[in-house]
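Breakdown of the fold
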Amino acid sequence: MIQIQWLLPPQPLTSPLSHHRRTLLFPQRRRSPPHHHSSTLTTTSFPKKYFTFRPCNCAISNNVTEDSKEAVKVRAYPFHEIEHKWQKFWDQNRTFRTPDDEIDTSKPKYYVLDMFPYPSGAGLHVGHPLGYTATDILARFKRMQGFNVLHPMGWDAFGLPAEQYAIETGTHPKITTLKNIDRFRTQLKSLGFSYDWDREISTTEPDYYKWTQWIFLQLLKRGLAYQAEVPVNWCPALGTVLANEEVVDGVSERGGHPVIRKPMKQWMLKITAYADRLLEDLEDLDWPESIKEMQRNWIGKSQGAEVDFRILSSDNQEMDAKITVYTTRPDTIFGATYLVLAPEHPLLSSVVSEAQQNIVEEYKEVASRKSDLERTELQKEKSGVFSGCYARNPVNGEAIPIWVADYVLGSYGTGAIMAVPAHDSRDHEFAKKYDIPIHWVVTSDECCDDFEKPFSGEGDVINSSSSKTGLDINGLRSKEAAKEVIEWVEKTGNGNRKVNYKLRDWLFARQRYWGEPIPVVFLDESGETIPIPETELPLTLPELDDFTPTGTGDPPLSKAVSWVKTVESSSGKPAKRETNTMPQWAGSCWYYLRFMDPKNSTQLVDKKKEMYWGPVDVYVGGAEHAVLHLLYSRFWHKVLYDIGVVSTKEPFKCVINQGIILGEVQYMACKDQDGNFVSAEFLDALGEHKQERIPDENVTKSGNSFVLKDDPSIRLIARAHKMSKSRGNVVNPDDIVAEYGADSLRLYEMFMGPLRDSKTWNTSGIEGVHRFLGRSWRLIVGSPLSDGTYENQTVTVDENPSLEQLKALHRCIDKVTDEIEATRFNTGISAMMEFINSAYKWDKLPKSIIEPFVLLLSPYAPHMAEELWFRLGHTTSLAYEPFPKANPAYLQDTTITLPVQINGKTRGTVQVEVSCTEDDAFKLASLDQKLSKYLDGKTVKKRVYVPGKILNVILERENSKVGSR
């Protein structure tokens, strides 16, 4: 049999707020309508879209055919019509266009921006709209509060993925990119985001990257762009240099191709020149503290000393050569028992003994295949080889061995360290592994020192004096000892005070085609670098059919021979163009400025517009961009500030990192080698095993765990993962919009939890907010007509609201306003749900109550709100209607919940006026159904009443007769 549910009234409604739900059982082949059981239900008499057909749990349910199993989903409201209608309206009327030249600058501004998306071929998944919905709520809210709002969207479209796809398919990356952009734009519009599409930009358009090239020329003029021979992550298969973050376990993140370290001449940007400013200006930013701390650590400012260790010959004599190390702990120098050189250190070849030559070369080869991140990973096992040579510790004259190890980077400090294994965990691990002496020179303030573990803190210096050199720092505290050592090395010519940074200059070149051309030429006769004139910008990419790597290290642009060969403009001398292109980060460093003035062909941004719109008020994106994108953008912005292009020192006033939406929970069962299921609690003892994914329908919950439905003794591993195609857990928002509507998706993503927290997607969870929207719709519009459609009006009345209704409304206004301002969107939705619950208890719906509620709903569910606003009799969009303001008079509680005790034990509560007297409170308690059973027929001995706090009724105790029953 088939169970049918519908929302059609069987007769005219007596009240506009009455809603009838009926459930009937019909034989499978006789789907009768509710009024005539003998006839056959057809989609012409009752639209399928308003019915749900579900097999009943009855004896003959196994006979249901596949045709009858097809689910026909009840639509809680006609979102499929509403959303298309209003998206078309917004598009045709350019509702969210921010005026350009004619903007009223006397009004406050609000610039809210999403981090530039890369338009991949996969399109959006449901994780992407999380941040986009949050910024859209803020944008709509601020418009309604009277702000000029700038809320644009564009595309960070240069990059390796499109080029790799071009190589694999022969499709030009421009074609792929435009196709992907079209898909992203369609998806974003389907979600009702109020972007100003007139300001849409793409980093791949010449009109845009003309100004990216112009910024590069300004950097070049100021000595902030230069070329240098540096070790890079070279991927022969991809034919390009990769950033450290693009290399995982020695292979490229994309494609898994081997990566090696090799020296190449590359363009560099001197971000280190701005290190102190980048560090200092973090303090005034309204950013997550975790993001600021990550940037501080990335910049890595430290104060210490550079100390020279003389290399010793085979007969223990000092040579002219020296190894300079940088240390932040000069106080521990007497504990230095060996030196470590990075495998790429320039002096390495001159300090390696003949006997160790082959061993060191092999080690260097292995190290060249690791990224910097892999090499410095604290958890990895340390490795190294002895060079065969020694150096002299200047403070005590001892000869210490020189080792080569990849946990030291040539790009940090001097590429060499003095290793103090007693006071550094990495050095200690290394010394233990290779049996190198360990000397303790600092004691902790604890009563007992554990000389088996390294102590990296500060304390009292011990074992640190030398009669030979005259340096004695014994008994000093670490800071004082460090000062003494620095003064000593400066006085004796063995070193100097030094401030150092972990931050390295930005490698600003890629050996790929799909990127911004670098606007310089090299003279044929001298190789001199000449910037091309600004009047010749943009320097556009040549058309190429072959994008494959050359295999020689030469970029694909070198194949465009006629483009590469040119003449230098001012001298007419033959020259060659730069064939490297800019990295993907380039275009996204400054796009927030172009949105302020996207059509300007003579300036990067008009000065007046920049002064009005800058800086970005709220910038929302993932925490994965905490360092590179945000740091690079701040660097470029400061350069532009120095040359007068921008008026603020920082680009983004407030940064918000939205959490990640993980895929739906997946259940895994463990199996032993014989294929038998093993419960997850025995996993540690199981050893080698396999895991098998279990379908949701075969899983049940038991306590706090999930188990096999057929065998509850088998506990499963339940885990949610980041959405990815490889895991098969990507949820397409198009599917959710088709089934539940865009407003439901928006609402659900905000209702899942706090914006900044990571959350697990659960498709069934969206049904709750979908029901809320359906209830809101039916409350205001009424039940559907017999043909499944709705009246083009509402059931509201033009009557004065009651005090109860005013209080419910203004509490909702107050809560929603506060929660939007604080980006606590989930609790704002809860407040609206509470309002709807209250409204269903009212006999009438005053229009003056419902209209403000619709405005409250509009930032969250704009399509439904626009339609309700229209049906309430308005002829223009609500996008610029004033946002409701709470009246404090209706926020005060005139009643309180008073606890009532009987003989000192709380038995219930009553609602009383704040000014309630003792007699009135007792009367209300006596009339209360729950409390009256304790009071009826009883004698009150006394009453204790604390106004607003409690009523305690003391009853006379009844006498009991001995022996009576």
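To keep things clear, this report deals only with the structure shown in the data block. In this text the structure is predicted, and so the values were computed from the model without any measurement.

The rules behind these values
Residues numbered from 1 in each chain as written. Predicted model: local features only at pLDDT ≥ 70, side-chain atom pairs only at ≥ 80, totals over all residues. Heavy atoms only, no water. Helix = DSSP H or I, 4+ residues; strand = E, 2+ residues; numbered from the N terminus. Buried < 20%, exposed > 50% of the residue type's maximum accessible area, 1.4 Å probe, protein only. Polar contact = N/O pair within 3.5 Å; in protein donor to acceptor, adjacent residues only side chain to side chain. Contact = heavy atoms within 4.5 Å. Pairing = 2+ DSSP bridges. Expected span 1.5 Å × (residues − 1). Core = buried A, V, L, I, M, F, W, Y, C linked by side-chain atoms within 4.5 Å. Salt bridge = Lys/Arg side-chain N within 4 Å of Asp/Glu carboxyl O.

Within the secondary structure, Ser588 is located in helix H15 (residues 585-588). Relative accessible area serves as the criterion here: at 4%, Ser588 is assigned to the buried category. Within the local environment of Ser588, its side chain forms a polar contact with the backbone oxygen of Trp585, the two atoms lying 3.1 Å apart. Excluding its chain neighbours within four sequence positions, the residues that come into contact with Ser588 are Phe116, Asp156, His629 and Ser633.

Read across the sheet, four strands follow the order E9-E8-E12-E22 without closing on themselves; strand pairing throughout is antiparallel. Each edge of the sheet is formed by a strand with only one pairing partner; in this case those strands are strand E9 (240-242) and strand E22 (506-507). In this sheet, strand E12 (residues 260-269) lies alongside strand E8 (residues 225-235) in antiparallel orientation, the contact comprising 10 bridges. Among the inter-strand pairings, Val230 is bridged to a residue of E12, identified as Met264.

On to helix H24 (residues 825-839), then. Spanning 15 residues, H24 covers 21 Å between terminal C-alpha atoms, matching the ideal 21 Å at 1.5 Å per step. Within H24, the full set of buried residues consists of Phe825, Asn826, Gly828, Ile829, Ala831, Met832, Met833, Phe835, Ile836 and Ala839. Contact partners of the buried residues in H24: helix H3 (129-144), helix H21 (742-751), helix H22 (766-781), helix H23 (803-821) and helix H25 (847-857).

The two faces of strand E23 (residues 520-523) match: Val520 and Phe522 on one face and Val521 and Leu523 on the other face are all buried. Bridge count for E23 against strand E24 (residues 529-531) is three bridges, and the pairing is antiparallel. Paired with Phe522 across the two strands is Thr529, which belongs to E24. What sits between E23 and E24 in their antiparallel hairpin is a turn of five residues, with Gly527 showing a positive phi close to 75°. Inspection of the sheet shows E23 paired to strand E26 (residues 574-577) by three bridges, in the antiparallel sense. Bridge pairing in E26 places Leu523 opposite Ala575.

Our next topic: the nonpolar core. If you look at the biggest cluster of nonpolar residues, it comprises 92 residues, and the most contacted ones within it are Trp761, Met832 and Phe835. Ala275, Leu278, Ala509 and Tyr612 belong to the second largest nonpolar core, which has 86 residues in total.

Turning our attention to the pairing of E26. Residues Ala575 and Arg577 of E26 are buried on one face, while the alternating residues Pro574 and Lys576, pointing to the opposite face, are not. The pairing of strand E25 (residues 565-567) with E26 spans three bridges and is antiparallel. Its bridge partner being in E26, Lys565 is matched across the sheet by Lys576. Between E25 and E26, which follow one another and run antiparallel, lie six residues, and Gly572 among them has a positive phi close to 75°.

The next thing to look at is the pattern of salt bridges. All chains considered together, the criterion is met by 46 salt bridges. Among the salt bridges present, the one from Asp100 reaches Arg199, with a minimum N-O distance of 4.0 Å. Pair noted here: Asp100 is in the loop between helix H2 (79-93) and strand E4 (109-114) and Arg199 is in the loop between helix H5 (173-190) and strand E7 (201-202), with a separation of 99 residues, a long-range link. The class for Asp100 is partly exposed, based on a relative accessible area of 23%. Arg277 is paired through a salt bridge with Asp642; the nearest N and O atoms lie 2.9 Å apart. One end of the pair, Arg277, is in helix H7 (residues 275-280); the other, Asp642, is in helix H18 (residues 628-642), and 365 residues separate them in sequence.

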